[in-house]
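Observations on the three-dimensional arrangement
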Amino acid sequence: MRAAFYQFNPSFGKKEENVKKVLSAVKDIKVELLVLPEFFATGYQFVSADEVAELSEPVSGGYTTEFLLDLSRKKGSYIVAGLAEKDGSIFYNSAVLIGPEGFIGVYRKTHLYSEENLYFTPGDTGFQVWETSIGRIGIMICFDWFFPEAMRSLALLGAEVVAHPANLVMPSCPDAMPLRCLENRVYAVTANRIGIEERKQGHPLTFIGQSEVVTPRGKILIRAPRDEEVLMVTEIDPATARDKALNTFNDVLKDRRPEHYGSLHDERKM
Ligand code: ACM
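Here's a quick rundown of the structure.

Rules used in this analysis
Residues numbered from 1 in each chain as written. Predicted model: local features only at pLDDT ≥ 70, side-chain atom pairs only at ≥ 80, totals over all residues. Heavy atoms only, no water. Core = buried A, V, L, I, M, F, W, Y, C linked by side-chain atoms within 4.5 Å. Buried < 20%, exposed > 50% of the residue type's maximum accessible area, 1.4 Å probe, protein only. Contact = heavy atoms within 4.5 Å. Phe/Tyr/Trp six-rings, centres within 6.5 Å; stacked < 30°, edge-to-face > 60°. Helix = DSSP H or I, 4+ residues; strand = E, 2+ residues; numbered from the N terminus. Lys NZ or Arg CZ within 6 Å of the ring centre and 35° of its normal. Pairing = 2+ DSSP bridges. Axes fitted to C-alpha atoms, helices over the stretch in contact; angles between N-to-C directions. Salt bridge = Lys/Arg side-chain N within 4 Å of Asp/Glu carboxyl O. Right-handed = clockwise from strand over helix to strand, strands pointing away.

**Comments concerning the nonpolar core**
In this structure, Leu33, Val80 and Met140 are the most contacted members of the largest nonpolar core, which totals 48 residues. Those residues in contact with Leu33 that lie beyond four places of it in its chain are Met1, Arg2, Ala3, Ala4, Tyr78, Val80, Ile134, Ile137, Val161 and Val189. Of all hydrophobic cores here, the second largest spans 23 residues; its members include Val19, Val26, Leu68 and Leu83.

So, in structure tokens, the structure goes:
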């Protein structure tokens, strides 16, 4: 199947302009899976609670979800995309999975990064995997990559493809994802953004691009440049992610010794 990401520079607060850009980018492609960046329709650097309240949307019936539902139906693609979610008076950094058959699920970011903590509530969905006609899809959002437990949780739930909407600013993720994929034998599709946002004077954020698709063997199939808007497509075979055997004796999931990992569940002691 064909998997794609669209890496671009969303304009802060301009949802219509940003969704138009997505429409134009995907106009001539036919893919089974499309991944868009974290907060792709709103931009990233919120600077007040009022702004978050104004730009966030309920997942059900919200402008961005409706746009994605329509796009998915028209293109026949599954789409994973990040959005600012409003649930009553609570705001989450979320990503939705949508398919030609309709809305499938929402994941709320578990590990909030930096000033996201001022405006958003840590996700309460936990990691989830959805069985679809193109394979088992899991989601993590940007900074979740820094916690190996995120990808591991998804792998243990049977994920074959991990969709990873991102707005990366730290440099290491693109080179770390091959290890995350290798140790879990899953595909990852990281859709990052580019550009600079300086909505808070003296606090510019430079997004590092380098969106990529990585195989369960840790090979980078495609990687975008740091600073170009680009839609890239590659062929993947999610079923190969089911094979966790390294050799006759070793299996990356079955060989785990959780009886020795008790401290993973505990508060930090040091
Ligand atoms: C990030 O989690 N957006 C860095």
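Don't stop here, the text continues.
**Observations regarding the packing of aromatic side chains**
Inspection of every chain in the model, using the stated rule, returns 14 aromatic pairs. Ring plane angle 80° and centroid distance 5.7 Å describe the contact between Tyr44 and Phe207, whose orientation is recorded as edge-to-face. Taken together, the positions of Tyr44 in the loop between strand E2 (33-35) and helix H2 (49-55) and Phe207 in the loop between strand E11 (205-206) and strand E12 (212-214) put the pair 163 residues apart, joining distant regions of the chain. For the pair formed by Tyr44 and Phe207, the shared burial category is buried. An angle of 55° between the planes, with centres 4.9 Å apart, marks the rings of Trp145 and Phe146 as tilted. Among the aromatic residues, ring-to-ring pairing joins Phe12, Phe39, Tyr44, Phe46, Phe120 and Phe207 into one connected group. The residue whose ring lies beneath Arg199 is Phe12, and the NZ or CZ to ring-centre distance is 3.7 Å.

**Observations concerning the sheet that holds strand E14 (residues 230-235)**
With mixed pairing, the six strands of this open sheet are ordered in space as E5-E4-E3-E2-E1-E14. The two strands at the open ends of the sheet, each matched to only one other strand, are strand E5 (102-108) and E14. On average, each strand axis in the sheet is inclined to that of its neighbour by 30°, with strand direction left out of account. Where strand E3 (residues 78-87) meets strand E4 (residues 90-99), nine bridges bridge the pair, whose relative direction is antiparallel. Bridging across to E4, Ala84 finds its partner in Asn93.

**Observations concerning the sheet that holds E12**
In space, the six strands of this open sheet follow the order E6-E7-E8-E9-E12-E13, with mixed pairing throughout. Lying at the two open borders of the sheet, with one neighbouring strand each, are strand E6 (129-132) and strand E13 (220-223). When the angles between neighbouring strand axes are averaged without regard to direction, this sheet yields 15°. Relative to E12, strand E9 (residues 187-191) is paired through three bridges, and the arrangement is antiparallel. In the strand pairing of E12, Ala188 is matched with Val214. Of the strands in this sheet, strand E8 (161-165), E9, E12 and E13 are in contact with helix H6 (residues 173-184), which crosses E12 at around 20°.

**Comments concerning the pairing of E4**
Counting buried residues along E4, nine of its 10 residues qualify, which places the element largely inside the surrounding structure. Taking the residues that link successive antiparallel strands as the turn, the E3-E4 hairpin has two residues, and the phi of Gly88 there is positive, at about 65°. Between the end of E4 and the start of E5, which pair antiparallel, lie two residues.

**Looking at the pattern of salt bridges**
Enumeration over the complete set of coordinates arrives at 22 salt bridges. In this structure, Glu51 and Arg199 form a salt bridge, with 2.7 Å as the shortest nitrogen-oxygen distance. Residue Glu51 is found in helix H2, and its partner Arg199 is found in the loop between strand E10 (196-197) and E11; the two are separated by 148 residues along the sequence. Where Glu115 meets Lys200, a salt bridge forms, and the shortest distance between an N and an O atom there is 3.0 Å. In this pair, Glu115 is assigned in the loop between E5 and helix H4 (116-119) and Lys200 in the loop between E10 and E11, connecting sequence segments 85 residues apart. Taking the relative accessible area as the measure of exposure, Lys200 reaches 29% and is therefore partly exposed. Residues joined by salt bridges that share partners form a network here, namely Glu85, Asp87, Arg108 and Asp124.

**Let's talk about the pairing of E9**
Counting buried residues along E9, five of its five residues qualify, which places the element largely inside the surrounding structure. What you see with E9 is no split at all: Tyr187, Val189 and Ala191 on one side and Ala188 and Thr190 on the other are buried throughout. One ladder, built from five bridges, connects E8 with E9; its direction is parallel. Along E9, the bridge assignment pairs His164 with Thr190. Traced from E8 through H6 to E9, the parallel crossover comes out right-handed.

**Observations concerning unusual backbone geometry**
Apart from glycine, the bulk of residues carry a negative phi angle, and the bulk of peptide bonds sit in the trans form. Residue Phe39 is not a glycine yet carries a positive backbone phi of 45°. Turning to its location among the elements, Phe39 is positioned in the loop between E2 and H2. Phi at Cys142 is positive, roughly 35°, even though this residue is not glycine. On the secondary structure map, Cys142 appears in the loop between strand E7 (135-139) and helix H5 (148-156). Taking the relative accessible area as the measure of exposure, Cys142 reaches 6% and is therefore buried.

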